[in-house]
Amino acid sequence: MIALPMSVQIKEVGPRDGLQNEKSFIETTDKIAFIDRLSETGLDYIEVTSFVHPKWIPQLADAVEVLKAIKRQKDITYAALVPNRKGLERALETGVDEVSVFMSASEGHNKANINKTIDETFPVLKEVVEGALSAGKTVRGYISTVIGCPYDGFVKPTQVVKVAERLFDMGITEISLGDTIGVGVPTQVDALLTEMLQHFKVNQLAMHFHDTRGTALANVMTSLSHGITKFDSAIGGLGGCPYAKGASGNVATEDLLYLLHGMGIETGISLDKIQQTALLIEQKIGKRLDSKLVAVARGEEH
């Protein structure tokens, strides 16, 4: 049996990475209530929204209103995704705790997602990072398509290292490595982390798995074996990628919690409260969530 960490931090991205992919707009009051419920579950990190232009992500056009209205708990980091200087100005108005910047490891996905090449993206992000740091905020970086890209195919770990080095040089504190289209399997995650950990400390990295092909929890196990203790997840398995055909949601927070708690790994989060909150947001979005533990909470366990 692999040596397992004593505790793991879960970073809840459902309100942003999840709701931005819903076809219909979730009412602002419902978003606020959703985040306030998440704040009562024991989570210590919630990614609330995105300051990407509303034309591109209309579902999160109410970012300022939501961040200003939620009931903040003192021990929780409330973060937001910020694409550029203009988005940063809006985010700083709200007193956001942490700023997240994002780009892809692959050219094809970066162009589809940001409409820029990788090299063209770095100066834009540098401006955001410097502005956020000067405002006293911490900055997190997301690297998408770290294993596979819907346009370019397999992505080499050395390419992910190159992008990460540039981001860390800007002054960010942590990078979340995203299997955006959910193609990764444990051997690929092992190869990626073996390469990454030759260049970076384990506490500088988090993992962000999508469960498109049902391999997310297996990939979590591989990450744990490398000493990774930070994972992004979305309640109910919300999410996807608008630029990746067939990409389903993030690994579900409740499914991840069941795995971790069952192995004796502490998270500080109430699985029951997460399940009940998932049932609540399921009603608001008007469709069934497909995580295993939401089905259990509905009483569908066989």
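Structural notes, computed from the coordinates.

1. Regarding the overall build of the protein chain
- Across its full length, the protein chain holds 12 helices and 10 strands.
- Overall size of the protein chain, expressed as C-alpha extent along the three principal axes, is 50 × 45 × 35 Å.
- Going through the 302 residues of the protein chain one by one, you find that 55% of them count as buried.
- Summing over all exposed atoms, the protein chain offers an accessible surface of approximately 12,700 Å²; the carbon and sulfur share of this is 51%.
- The distance from the centre of the 31 positive side-chain charges to the centre of the 38 negative ones in the protein chain is 4 Å.

2. Regarding empty space enclosed by the protein
- Inspection of every chain in the model, using the stated rule, returns 1 cavity of 30 Å³ or more.
- Each pocket or cavity is described by its volume, and for the largest cavity that value is around 30 Å³.
- If you go around the largest cavity, the residues you meet are Val146, Ile147, Phe154, Val155, Pro157, Gln188 and Leu192.
- A breakdown of the residues in the lining of the largest cavity according to their chemical character gives 6 nonpolar, 1 polar and no charged.

3. A short note on the packing of aromatic side chains
- Under the definition given, this model contains 1 aromatic pair.
- Here Phe168 and Phe200 contribute two aromatic rings whose centre-to-centre distance is 5.1 Å and whose plane-to-plane angle is 45°, an arrangement assigned as tilted. With Phe168 in helix α7 (residues 157-170) and Phe200 in the loop between α8 (186-196) and β9 (205-209), this pair connects stretches of sequence that are 32 residues apart.
- The class of Phe168 is buried, set by a relative accessible area of 13%.
- For Phe200, a relative accessible area of 10% corresponds to the buried category.
- The aromatic ring of Tyr142 is capped on one face by Arg140, whose charged end is 5.2 Å from the ring centroid.

4. A word on the side chain of Lys230
- Relative to the assigned elements, Lys230 resides in strand β10 (residues 230-233).
- Lys230 sits in the buried class, given a relative accessible area of 12%.
- Here Glu174 takes part through its side chain, which lies 2.8 Å from a polar atom of the side chain of Lys230.
- A polar contact of 2.5 Å, which involves the side chain of Lys230, links it to the backbone oxygen of Asn203.
- Aside from chain neighbours lying at most four places away, what touches Lys230 is Gln9, Lys11, Glu174, Asn203, Leu205, Ala206 and Met207.

Parameters and conventions
- Residues numbered from 1 in each chain as written.
- Predicted model: local features only at pLDDT ≥ 70, side-chain atom pairs only at ≥ 80, totals over all residues.
- Heavy atoms only, no water.
- Helix = DSSP H or I, 4+ residues; strand = E, 2+ residues; numbered from the N terminus.
- Buried < 20%, exposed > 50% of the residue type's maximum accessible area, 1.4 Å probe, protein only.
- Areas by Shrake-Rupley, 256 points an atom, 1.4 Å probe, with all protein chains shown as cover.
- Lys, Arg positive; Asp, Glu negative; His and termini not counted.
- Charge placed at Lys NZ, Arg CZ, Asp CG, Glu CD.
- 1 Å grid on protein atoms, 1.4 Å probe; cavity = no way out; pocket = protein on both sides within 12 Å on 5 of 7 lines; lining within 4 Å.
- Points joined across faces, edges and corners; volume = space filled by probe spheres on them.
- Nonpolar A, V, L, I, M, F, W, Y, C, P; charged D, E, K, R; others polar.
- Phe/Tyr/Trp six-rings, centres within 6.5 Å; stacked < 30°, edge-to-face > 60°.
- Lys NZ or Arg CZ within 6 Å of the ring centre and 35° of its normal.
- Polar contact = N/O pair within 3.5 Å; in protein donor to acceptor, adjacent residues only side chain to side chain.
- Contact = heavy atoms within 4.5 Å.

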